[in-house]
Each structure stands twice: as C-alpha cells, then as structure tokens.
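# Residue-level structural notes
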Amino acid sequence: MDKASASKGLLLLNKARWFFNSKYYPFALFLFALISHTFSIEILGIVAVMTAACIGLLICDDFKFLIAPFVVSNLMFSEKSVATGKYYEKPYLIAIACGVVGVLILLTIHFILYRKNIKVGDFKKSKLFWGLIIFSIAVFLNGFFNFSEYHHGNIAYASILVFAVTGIIFLFSIGLKKDEGLIEYILYVLYLMSILVTLELFIAFTNQIDIVNGSIDKESIKIGWGMWNNIGGYLAFLLPIHFYFASTIKKWGWAFYLSGIVSFIAIALTLSRSSLLSGGLSLLFCIIVVCFFGVNKKINRIFAICLFGVGIIGIIALWGKISTILGDYLARGLDDNGRFEMYKHGLINFINHPIFGGGFNSAYVTDHIFNIFLPPRYHNTIIQMMGTCGILGLGAYLFHRYQTIRLFLSSKKLSTLFVALCIGTMLLGSMLDNHFFNIYPTFIYSFMLVGVEKSKSIQ
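Heads up: these notes are all about the structure in this document. (Residues numbered from 1 in each chain as written. Predicted model: local features only at pLDDT ≥ 70, side-chain atom pairs only at ≥ 80, totals over all residues. Heavy atoms only, no water.)

## Considerations on the packing of aromatic side chains
Under the counting rule described, the total for this entry stands at 35 aromatic pairs. With a centroid separation of 5.0 Å and 75 degrees between ring planes, the pair formed by Phe 129 and Trp 130 is classed as edge-to-face. Accessibility expressed as a relative area gives 55% for Trp 130, which makes it exposed. With a centroid separation of 5.2 Å and 85 degrees between ring planes, the pair formed by Tyr 440 and Phe 443 is classed as edge-to-face. (Phe/Tyr/Trp six-rings, centres within 6.5 Å; stacked < 30°, edge-to-face > 60°. Buried < 20%, exposed > 50% of the residue type's maximum accessible area, 1.4 Å probe, protein only.)

If you want it as structure tokens, here you go:
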C-alpha cells in the first residue's frame, strides 16, 4: 500500500471514529428504530444496530458508541410483528444467537486491540463496587435451600439481572474513557429514547389503539415491545431529562421544556396509574428545580406560572372530554388490581424461606404475575427482593441503594441532580410495578450510574 492510500485510509478511519462518537450516530440509529417500528420492518433495525455495534468494536477505542445500540435495540419491535410470534421461531432465534456470538467475538477482539485503554481498576474504585458484588451474590442465591421447588429459571433470570446491573456497570466502567461530556452524551441518547417512545405511542393512536365510546381502551395500548405500564414507566423514568436540557441549553431551552410537557401528556395517555403518580411527582420536582437552577431560570418561572394557570383553566373547561378520554383512571380509582394478593404471596414466600427467599420462579406466586418470558414478579421492589431472595437479597438491595445515594450526594453537578430524579422516579414506579426487574429499564439505570461516576471523577 502506497503512502497516499494509507493516508486516505487513515483519514477515512478518523472520520468514521468521529461519526461513531458524535451525536449524529445515535440520532441515525433512532431513525432506523422509528422506521422499523412504524412499518414493522424490524430486520432493517436489527441489521443497522448489529452492523453499527460490529464496526464500532473494531474502530472505536472505547464503549461510548455502544450505549445507543443497547438503548435502541428493544424499541424497534412493533405490535404487528410481535403478535405473529415470528421472532420466537427457530430461524430468528438462531440468527439472533449467531449475531450475539459474533458481537462477543468482536468484543474480545476489541479488548485485544485497545487493551491499553481498558482499566479494570476503575471498577474496583467505584463507590458502588461492594454493593454491586453483594447484590450479585444475593441474586444468584435466590431460592437456595428451597430445593424441592427450585427451577432452572432461577439461575437464568438471576444471570440476566446481574448482567443488567453489575455486568453493564463493570463493562462500561472499564471500557469508557473519563470524559467531561459523557453524562451529557448519555442524557442526550436517553432524551432521544424518550422522544422515540412518545412518537411510537402517538403513531399507535392513529392506527392501532382503540377508542371505545370516547374512552381509550387500556387493553389495546400495546406497541410491540411493551404495553401501557412499560410505556408509561419508560416515559416517567426519562421525564427529568427534558428539564435538564431546559435548564442547561440557553437558546433552545424552551423547546425541551415543551417536549417535557408533551411527554407527561403521553404518560397520562398510557393509562398507567403508577406511571402517572411517579411521573406527576417527578414533573412537579422538575418544574421547581428549573425555576432555581440552570441558565433559564426567568423563562422557566414564567412557564411554571403559565402552566399552572392554563392547566387549571384547561381542566375546568375541558373536564367533560378529559374525563371521557381518560375514563379508565376514574373507573379504576384506587383499586389495587390484584396487587395486594401478590404482596400477600410474596410475604408468605418470605416467611417460608426467610434467608434466601423462595426463588424467582417460586410456586407461591399467583396467576396474576405469571409471564411466559419473565419469571413471576410482585409489582413491588421490596416484596420482590424479600419473597425471591430473602433477607439476604433485601439487605443487599438496600446496601446498593445506600451506595447510590452516597454517590449522588458526593457530586455537585446539576446533571447528577437530574439523574437522581430519573432514578428516583423509576424506583418509585417500581414500588407499584416491575420496572427494575424488566431488564431494559435496568440497562438505562446502569448507564446513568456509570455516567455519574465517570463525570464525577473529573470534577
């Protein structure tokens, strides 16, 4: 190869690296996901994500480019495709397995090529290290001693959950460079995710979700990768990110404030009561925070006053239509929807197996919490840990929670405050739902924690 060709090749490589580390790259992936979901051509999205991951592993010297594929990969599957069940058929499962093996091989090659950039010690130095280790051990020991009812799914699900928390934090702690703009990048990717979920929901209202006698049919709120609680949970979880940008971007802050309001409206339209509760409290905190912190305090205070006034007038003037459209909220009210029965079974499980719990696939659960793809869950994080992992699991979870709070308090960045609001919103919703145990929200949770630690280390 002559010198000119080598120079052109290096220039091309540098441009590719720049693209993979730019904000255009996640935006491109989210466009692929939106198109794939809207037109039920998931193969397009899968190929785009897998190709991006494979190329990135070869040319990029850290894991920044992997965040967007992780976030977007679950959001491209439409209700039309999922309902056919084709993605659970053997040919697709084999293809996905081959793709995963290919990525793992390239991951190994990446570690060999860029081993000088990989610092295992960064994970050991993490303020979350011991909490993650103890949490992982406790999760793997779920159902121990309950051998008469032990299920192979106990260890299978434990492996997935541990990877979503400890595995992701470990990989990205050692694979990401310390970068002052990292947390901003992560929040940007997650902002795109919030917009994507909102658009998918609104598109579903045009061609799929049923309106019966003027009211939304809750059972029809499904968009393939998730139903009403999943959609509402994601949107509530990510809601504070809109207001982070509303308080940090001078010129376009107002646009992010408005997108946050639209996101909250989308939460209400999911008819998820737990998401409306957690998202509503989160919205209130965000509105207060942006009035006193950031670069747009004056305009954000004006927005807050206008929002309060318009909201009150709008609700009074349009109450008839609102109460009809969102009639499911009024019909269900404070009905527990079977949750008290779930909690009862979880507590029975804990009483019978107090040290290690009954296991994730315990026989003590009811049909209300049966799911063919995931083990039974109790719609409450504390009872989930007690019933499935016992006092050891609950103690490990609370210790991990203590360490995350300590991490947040040790950072004075505005971004950390909004990440804390995001995670607090998700954890509050998880007291009435399964978000923390639904795996994909946990990936996002882990990325946020890594971003806070990496950005804090260069304060």
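## Points about the environment of Leu 93
Among the secondary structure elements, Leu 93 is positioned in helix α6 (residues 90-113). Setting aside its immediate chain neighbours within four residues, Leu 93 contacts Tyr 87 and Tyr 88. (Helix = DSSP H or I, 4+ residues; strand = E, 2+ residues; numbered from the N terminus. Contact = heavy atoms within 4.5 Å.)

## Comments concerning the packing of helix α2 (residues 24-38) against helix α10 (residues 182-207)
Close contact between α2 and α10 brings their axes to 10 Å; oriented N to C, the two are set at 15 degrees. Taken together, the axes of α2 and α10 lie roughly parallel to each other. Viewed along their axes, α2 and α10 form a crossing whose handedness is right-handed. Side by side, α2 and α10 meet where Tyr 25, Pro 26, Phe 27, Phe 30, Ala 33, Leu 34, His 37 and Thr 38 of the first sit next to Tyr 185, Tyr 188, Val 189, Leu 192, Met 193, Leu 196, Leu 199, Glu 200 and Ile 203 of the second. (Axes fitted to C-alpha atoms, helices over the stretch in contact; angles between N-to-C directions. Parallel < 35°, antiparallel > 145°, perpendicular 65-115°, else oblique. Left-handed = near helix turned anticlockwise from the far one by under 90°.)

## Digging into unusual backbone geometry
Look at Ser 40: it is not a glycine, yet its phi comes out positive at around 55 degrees. Mapped onto the elements, Ser 40 comes out in the loop between α2 and α3 (42-59). Not every positive phi belongs to a glycine, and His 379 is a case in point at roughly 60 degrees. Counting through the fold element by element, His 379 comes out in the loop between α17 (339-352) and α18 (381-409).

## Topic: the nonpolar core
Counting 118 residues, the largest nonpolar core has Phe 172, Met 193, Phe 243 and Met 448 as the members making the most contacts within it. In terms of residues, this core owes the most to one element, α10, which gives 15 residues. For Met 448, the contacting residues outside a window of four places in its chain are Ile 183, Leu 190, Phe 237, Leu 238, Ile 241, Val 419, Cys 422 and Ile 423. (Core = buried A, V, L, I, M, F, W, Y, C linked by side-chain atoms within 4.5 Å.)

## Observations concerning the pattern of salt bridges
Across all of its chains, the model carries two salt bridges by this definition. Close ionic contact of Lys 177 with Asp 61 constitutes a salt bridge, the shortest N to O distance being 2.6 Å. Here the residue Lys 177 occupies a position in the loop between α9 (152-175) and α10, and Asp 61 occupies one in the loop between α3 and α4 (67-72), the gap between them amounting to 116 residues. The class of Lys 177 is partly exposed, set by a relative accessible area of 38%. A salt bridge links Asp 433 to Arg 339; its shortest N-O distance comes to 3.8 Å. Within this pair, whereas Asp 433 is found in the loop between α19 (414-429) and α20 (440-456), its partner Arg 339 is found in helix α17, the two being separated by 94 residues in sequence. The exposure classification of Asp 433 matches that of Arg 339, with both residues buried. (Salt bridge = Lys/Arg side-chain N within 4 Å of Asp/Glu carboxyl O.)

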